[in-house]
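# Examining the three-dimensional arrangement
Here's the letter readout for the chains.
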Amino acid sequence: EATDLDNLHHRPPVVTVMGHVDHGKTTLLDAIRKTRVAQGEAGGITQHIGAYHVDVPHEDSTKRIVFLDTPGHEAFTAMRARGAKVTDVAILVVAADDGVRPQTIEAIRHAQAAQVPIIVAINKIDKDGAQPDRVKTELMTYALVAEEYGGDTIMVPVSALKGHNLETLLEMIVLVSEVTDLYANPDRPAKGTVIEAHLDRARGPVATLLVQNGTLRVGDPLVAGAVFAKVRAMVNDQGQRLEAAPPSSAVEVWGLTEVPTAGDEFEVYGEEKQARALAQERAQLERTRQLTNRQI
Ligand code: GTP
Ligand code: NA
Ligand code: MG
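Not measured: the values here are computed from a predicted model.

## Considerations on the site of ligand 1
Around ligand 1 there are 15 residues in total, and Gly 24, Lys 25, Thr 26, Thr 27 and Leu 161 lie nearest to it. In terms of residues, the shell around ligand 1 owes the most to one element, helix 1 (residues 25–38), which gives three residues. Its residues assigned to classes, the shell around ligand 1 shows three nonpolar, seven polar and five charged.

## Things to note about unusual backbone geometry
Glycine aside, negative phi is the norm for most residues, and most peptide bonds take the trans geometry. The residue Asp 22 is not glycine, and still its phi comes out positive at about 70 degrees. Mapping Asp 22 onto the fold places it in the loop between strand 2 (14–19) and helix 1. Residue classification places Asp 22 among the partly exposed residues on the basis of 14 C-beta atoms within 10 Å. Even without being a glycine, Ser 248 presents a positive backbone phi close to 75 degrees. Along the chain, Ser 248 falls in the loop between strand 15 (244–245) and strand 16 (250–256).

## Brief notes about helix 6 (residues 272–295)
Over its 24 residues, helix 6 runs 35 Å from end to end, which matches the ideal 34 Å to within 8%, given 1.5 Å per residue. Here helix 6 lies mainly on the outside; two of its 24 residues are buried.

## As for the nonpolar core
Generally speaking, nonpolar side chains in soluble globular proteins are found buried as a group. Counting 76 residues, the largest nonpolar core has Leu 92, Ala 121, Ile 122 and Leu 209 as the members making the most contacts within it. For this core, the leading source of residues is strand 5 (residues 89–95), giving seven residues.

## Quick look at helix 5 (residues 166–178)
The periodicity of an α-helix, 3.6 residues per turn, causes residues three or four places apart in sequence to face the same way. In this model, helix 5 (13 residues) spans 19 Å end to end at C-alpha, consistent with the 18 Å of a helix rising 1.5 Å per residue. Of all the residues in helix 5, the buried ones are Leu 166, Leu 169, Leu 170, Ile 173 and Ser 177. Across the axial projection of helix 5, the buried residues extend over an arc of 100 degrees, all falling on one side.

Rules used throughout
- Residues numbered from 1 in each chain as written.
- Chains lettered and ligands numbered in written order.
- Predicted model: local features only at pLDDT ≥ 70, side-chain atom pairs only at ≥ 80, totals over all residues.
- Near = placed C-beta within 6 Å.
- Helix = DSSP H or I, 4+ residues; strand = E, 2+ residues; numbered from the N terminus.
- Nonpolar A, V, L, I, M, F, W, Y, C, P; charged D, E, K, R; others polar.
- Buried ≥ 20, exposed ≤ 12 C-beta atoms within 10 Å, placed from the backbone.
- Expected span 1.5 Å × (residues − 1).
- Core = buried A, V, L, I, M, F, W, Y, C linked by C-beta atoms within 7 Å.
- Arc of directions from axis to C-beta.

Treat this as a map of the structure, not an account of what it does.
Here you go:
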C-alpha cells in the first residue's frame, strides 16, 4: 500500500483468476493474453514470467491491466500467510454448465476475506448445457448478486474457448478498478512481492517481482525475503529489457544471490551494505528457526 502522500499516481490493477477445477481459468488467461496480439502488440517474444499485462482501449486512451497467472488459490493462500495483499480484483470463473462448486465457494471466501472486489466470468456459454441464469441464482447464496437481481456484482457471460465477450470482461475490470483507489508513488524505492522464482542454468537465481510501490531500477540493491540482490537486468512479459519498472509492473529480475520464496516481500534499500546485512540477518534467523523446529 502507498505510504508517501506527496506524489501519488494511479497505478494499473493487478488481477487474479480463481474458480473450480476445469471451469476454464487457464483457457481464459490464455485467451485474454491473445487479445493483445489482436490489438497490435509490438513484437517481442512472450516470456512466461508468471504475470502479463494487456492494454485495453478505454475512452480516448488505453488502460493497463496486469494479470497474475499463478493459480488464484495459491496467490491468496500465500498472501494470507504473509499478510501481503497482491491482488486488486479477483475474476471468479464459473462454468455455466457446472455451476457453483466447492472451489468456487472457497475462492469467494478468499476474495471476500481479503476484501478484494469480485467480477464473475460465467464461462463456457458456448456449450449446449450452459445455464448462466442458474449460476447467477446460485451465487446469491454467497452475497454475489447480479445487477438484474438488484445487486452490484458484475457478471459477464463469456466463452474463453471461443474468445467471446472478452472485451466486455476487460472493460468491466477497468470500470471496477476506476472506483477502487489504486495509487502508488513512482518516486520512492521499490517494494512489492515475489511472484515466482527458480534457478536458471545460465542466469542463476531469477525471480518475477511484482512492483507494488515505487520504481525498481537496474542496479538497485534489494532484499527479497532473506535473499540479497543487486538488480543486474530486468525483462518484462514481452521479453523486453527494462531499465526501470514502475508500480504494478511484473518483471523477471536477474542478480539474486539465491532463489527467494514466492509470496515473500521485497524492498529496495538506499545502501547496498544495509541490504546485504539485513539479508544476512534474516537468513541467520531462518536457519535458527529451522534448527529449532528440527529439535521439536
Ligand atoms: P484447472 O487449472 O485444472 O483447475 O482447470 P482450469 O480452470 O484452468 O480449466 P482449463 O482452462 O484447463 O479448462 C478445462 C477444460 O474446459 C478444457 O478442456 C478447456 O478446453 C475447456 N474450456 C475452457 N473454457 C471453455 C469454454 O469457454 N467453452 C468450452 N466449451 N470449453 C471450455
Ligand atoms: Na484443467
Ligand atoms: Mg488451469
